[in-house]
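If you want the building blocks of each chain, they are given just below.
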Amino acid sequence: MKHIVKILSLLLAVSAFWIGLLQAAIIHPGYNTWLLPIYFVVSLGCYGLLMVGLGLMQFPTCPQEALLLQHDIAEAKDFFKHKGVDVGSD
Amino acid sequence: MELADRAVGLLLSSISLSIFTYYTFWVIILPFVDSDHFIHKYFLPQDYAILVPVFSGVTLLSLLSVFIGMVMLKSKKKKA
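Residues numbered from 1 in each chain as written. Chains lettered and ligands numbered in written order. Predicted model: local features only at pLDDT ≥ 70, side-chain atom pairs only at ≥ 80, totals over all residues. Heavy atoms only, no water.

> What am I meant to see in the overall build of chain B here?
Counting secondary structure elements, chain B contains 2 helices and 0 strands. The 80 residues of chain B split such that 15% are buried. For chain B, the computed accessible surface area is about 6,600 Å², with 75% contributed by carbon and sulfur atoms. (Helix = DSSP H or I, 4+ residues; strand = E, 2+ residues; numbered from the N terminus. Buried < 20%, exposed > 50% of the residue type's maximum accessible area, 1.4 Å probe, protein only. Areas by Shrake-Rupley, 256 points an atom, 1.4 Å probe, with all protein chains shown as cover.)

> I tried to follow the packing of helix 1 (residues 2–29) of chain B against helix 2 (residues 48–79) of chain B on my own but got confused; where do I start?
What describes two packed helices is the angle between their axes and the distance between those same axes. All names here are of chain B. At a minimum axis separation of 11 Å, helix 1 and helix 2 run at an interaxial angle of 140 degrees. With respect to each other, helix 1 and helix 2 are oriented oblique. For the pair helix 1 and helix 2, the contacting residues are Tyr23, Trp26 and Val27 in the first and Tyr48, Ala49 and Pro53 in the second. Residues of the contact of helix 1 with helix 2, tallied by class, amount to 6 nonpolar, no polar and no charged. (Axes fitted to C-alpha atoms, helices over the stretch in contact; angles between N-to-C directions. Parallel < 35°, antiparallel > 145°, perpendicular 65-115°, else oblique. Contact = heavy atoms within 4.5 Å. Nonpolar A, V, L, I, M, F, W, Y, C, P; charged D, E, K, R; others polar.)

> What is the right way to read the UniProt feature "transmembrane region" (unreviewed entry) in chain A from this model?
Those residues carrying the UniProt feature "transmembrane region" (unreviewed entry) are residues 34–57 of chain A in this numbering. Secondary structure across residues 34–57 of chain A comprises 96% helix and 0% strand; the distance between its end C-alpha atoms is 35 Å. (UniProt positions renumbered as here; feature names shortened; annotations may be inferred.)

> Help me out: how do you make sense of the packing of helix 2 (residues 35–57) of chain A against helix 1 of chain B in this one?
It is the contact of helix 2 of chain A with helix 1 of chain B, at a shortest axis distance of 7 Å, that shows an interaxial angle of 160 degrees. Here helix 1 of chain B runs roughly antiparallel to helix 2 of chain A, going by the angle between their axes. As for how helix 2 of chain A packs across helix 1 of chain B, the hand of that crossing is left-handed. (Left-handed = near helix turned anticlockwise from the far one by under 90°.)

> Sorry, what's going on with the confidence of the model for chain A here?
A low pLDDT score tells you not to read the predicted coordinates there in detail. When pLDDT is averaged along chain A, the result is 83, and 88% of the positions lie at 70 or above. Within chain A, helix 1 (residues 2–24) of chain A has the poorest average pLDDT of any element, 85, and helix 3 (residues 63–83) of chain A the best, 89. (pLDDT = per-residue confidence, 0-100.)

> Would you mind showing me how to read empty space enclosed by the protein here?
In this structure the tally under the stated criterion is 1 cavity of 30 Å³ or more. Approximately 40 Å³ is the volume found for the largest cavity. Taken together, Leu56(A), Met57(A), Phe59(A), Glu2(B), Asp5(B) and Arg6(B) make up the lining of the largest cavity. At the level of elements, helix 2 of chain A together with helix 1 of chain B are the ones that each hand at least two residues to the lining of the largest cavity. It is helix 1 of chain B that contributes the most residues to the lining of the largest cavity, 3 residues altogether. (1 Å grid on protein atoms, 1.4 Å probe; cavity = no way out; pocket = protein on both sides within 12 Å on 5 of 7 lines; lining within 4 Å. Points joined across faces, edges and corners; volume = space filled by probe spheres on them.)

> Can you help me understand the interface of chain B and chain A in this one?
For an interface, size is often stated in terms of accessible area lost upon the parts coming together. Facing 22 residues of chain B, the contacting portion of chain A comprises 16 residues. Roughly 1,800 Å² of surface becomes buried between chain B and chain A when both sides are summed, with 79% attributable to carbon and sulfur atoms. Counting the surface chain B buries against chain A, the share from its top three residues, Leu12(B), Tyr23(B) and Ile50(B), is 28%. Between chain B and chain A we count 0 salt bridges in total. The interface formed by chain B and chain A holds 2 residue pairs in polar contact (both at pLDDT 80 or more) in total. Contributing elements (two or more residues each) for the side of chain B that touches chain A: helix 1 and helix 2 of chain B. Per-element accounting of the side of chain B that touches chain A gives the leading share, 16 residues, to helix 1 of chain B. Residues belonging to the side of chain B that touches chain A are distributed by class as follows: 13 nonpolar, 5 polar and 4 charged. (Buried area = accessible area lost by both parts, 1.4 Å probe. Salt bridge = Lys/Arg side-chain N within 4 Å of Asp/Glu carboxyl O. Polar contact = N/O pair within 3.5 Å; in protein donor to acceptor, adjacent residues only side chain to side chain.)

Here's what the structure looks like:
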């Protein structure tokens, strides 16, 4: 919960700073003052999506380790069945 | 299935790259192009460059909060 509060307060501070800058400067008011911040937000979202896509493409699957893991699971199940513990989920 | 993962990853990155280039063109390059160039046909008027991201961002945030609210309600009902 504290993380969300921290992020929201940071966002509020940045927008207050931006609006203060706008009031002080000599930019003509209207729609176009919002264009640059929105562009940055959109590019940030695009960058995040790109990183997710790239990570998905390069994710390693390790097939030998998967096989070894299956062997280990079968061995452990066998061991526990002989000791009398209920392992039935097959 | 790493092939399915690769395909989804490729799709995501291509979508994000195309959105980024289209939006960059729209916002940054197009104001400096003469208004009777043919390229203006492929881009909506500039007012939409603000409306579309804001609208989709607001929709996304409201959907997220609805989802979080539903999950919270469901967990509270299960506890009680």
